[in-house]
Amino acid sequence: MTARWLVGLDVDGTIILQDETMSPGVPEAVARVRDAGHVVTIATGRSWMATERWVDALEITPEFVVCSNGAVTMRRVADGWDRWHVEVFDPRVVLSLLTDRLPEAHYMVELESGQRLFTGEMDDWTLDGGRQVTLEELGAQPVSRVVVVSPGHDEEDFHELVADAGLNEVSYAIGWTAWLDIAPQGVDKGTALARVHTELGINGAQVFVAGDGRNDIGMFGWSLGIGGRAVAMGQAPTEVKDAAGEVTADVAEGGLARALDTLLVHPGAPQVEAGE
């Protein structure tokens, strides 16, 4: 067979639709790429607890999976999975800045162990095994991420909030359900995939990543920088498309499946130029 590809896929808005059903053709396309001997993995903003089900649903067996926007990388071991690499930071300054501006918001942190501490229940969070705490307890330990959900605020509000609060010591991303996800400075999906790529020893030109959000820009830049491919979904914001090397169809139209099939037909050829 030809050289193996490392294929890193975002989940929300790329693999799945907003109702958490699969994008058309994705399971079949992933199976074709997997069966051709390529390494298919996930690179998501979700926690591991909310990610593992998609590894199983896609029937892929990667050695590594990137979670929490790159702050957590899981590694497959004999009896399950290990938290192979975890980045943490002190959340107290960030929480102070945010709670001053969004006192009614709900907050969640993920500890190095993977446990989640939260101030209020939110339907979108996977909180099994989590613990509700006070704001003071929330910042008592180093964390791999801080998540903020504020009903009534949209993505533009979060962008203004980040600028106003001066959040320049941490990396942040805004999910498609308009929550703010804050990771350690300099950490994103690209930094985590770079570590995985080195560990696997795959050629730099044999990297393919796909996503639809601002939290995918880092992995787009990393992949393109080493000669790989970066595909933005058709519904992605303009700045995300501009950061990618290619643009495919919307998630509802099976855009990921179309992009994955190019690995089997013309593996080195882009399918659509960014901006078209």
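Residues numbered from 1 in each chain as written. Predicted model: local features only at pLDDT ≥ 70, side-chain atom pairs only at ≥ 80, totals over all residues. Heavy atoms only, no water.

A. Molecular detail of the nonpolar core. Within the largest apolar cluster, 33 residues are counted, with the highest numbers of intra-cluster contacts made by Val7, Leu9, Ile15, Ile42, Phe208 and Leu260. Counting only elements with at least two residues in this core, the list comes to β1 (6-9), α1 (26-35), β2 (39-42), α2 (52-58), β3 (64-67), β4 (72-77), β12 (207-211) and α9 (255-265). With 5 residues, the top contributor of residues to this core is α9. Apart from the residues lying within four places of it in its own chain, the contact partners of isoleucine 42 are Leu9, Val11, Ile15, Thr51, Trp54, Val55, Leu58, Ile60, Val65 and Val66. (Core = buried A, V, L, I, M, F, W, Y, C linked by side-chain atoms within 4.5 Å. Buried < 20%, exposed > 50% of the residue type's maximum accessible area, 1.4 Å probe, protein only. Helix = DSSP H or I, 4+ residues; strand = E, 2+ residues; numbered from the N terminus. Contact = heavy atoms within 4.5 Å.)

B. Highlighting the environment of methionine 108. Tracing the sequence through the fold places methionine 108 in strand β6 (residues 106-111). With 105 residues separating them in the primary sequence, methionine 108 and glycine 213 have C-alpha atoms 21 Å apart.

C. Local environment of the pattern of salt bridges. Scanning the entire structure with this criterion turns up 18 salt bridges. For glutamate 110, the salt bridge is made with arginine 83, and the minimal N-O distance between the two is 3.3 Å. Linking glutamate 110 in strand β6 with arginine 83 in strand β5 (residues 80-86), this pair joins segments that are 27 residues apart in sequence. For arginine 83, a relative accessible area of 23% gives the class partly exposed. With a closest N to O distance of 3.8 Å, arginine 131 and glutamate 137 form a salt bridge. Residues participating in the shared-partner salt-bridge network are Asp12, Glu20, Arg46 and Arg53. (Salt bridge = Lys/Arg side-chain N within 4 Å of Asp/Glu carboxyl O.)

D. Main features of unusual backbone geometry. In this model, glutamate 20 sits at a positive phi of 70 degrees, which is unusual for a non-glycine residue. With respect to the element layout, glutamate 20 can be found in the loop between β1 and α1. Overall, the relative accessible area of 30% leaves glutamate 20 in the partly exposed class. Although it is not a glycine, glutamate 59 sits at a positive phi angle of roughly 55 degrees. Checked against the element boundaries, glutamate 59 lands in the loop between α2 and β3.

E. Broad picture of the sheet that holds strand β14 (residues 246-247). With parallel pairing, the 5 strands of this open sheet are ordered in space as β2-β1-β12-β13-β14. Two strands close off the open sheet at either side, each with one partner strand: β2 and β14. As paired strands, β12 and strand β13 (residues 229-232) are joined by 4 bridges and run parallel to one another. Each bridged residue has a counterpart across the sheet, and for phenylalanine 208 the counterpart in β13 is arginine 229. (Pairing = 2+ DSSP bridges.)

F. Quick peek at the packing of aromatic side chains. Under the counting rule described, the total for this entry stands at 2 aromatic pairs. Judged by centre distance (4.9 Å) and plane angle (55 degrees), the ring pair of tryptophan 48 and tryptophan 81 falls under tilted. Of this pair, tryptophan 48 sits in the loop between β2 and α2 while tryptophan 81 is found in strand β5, placing the two residues 33 residues apart along the sequence. Consider the rings of phenylalanine 64 and tryptophan 84, whose centres lie 4.6 Å apart with planes at 55 degrees: the pair is tilted. Taken as a pair, phenylalanine 64 in strand β3 and tryptophan 84 in strand β5 lie far apart in primary sequence, 20 residues in all. A residue is classified by how much of its surface remains accessible, and phenylalanine 64, at 2% relative accessible area, is buried. (Phe/Tyr/Trp six-rings, centres within 6.5 Å; stacked < 30°, edge-to-face > 60°.)

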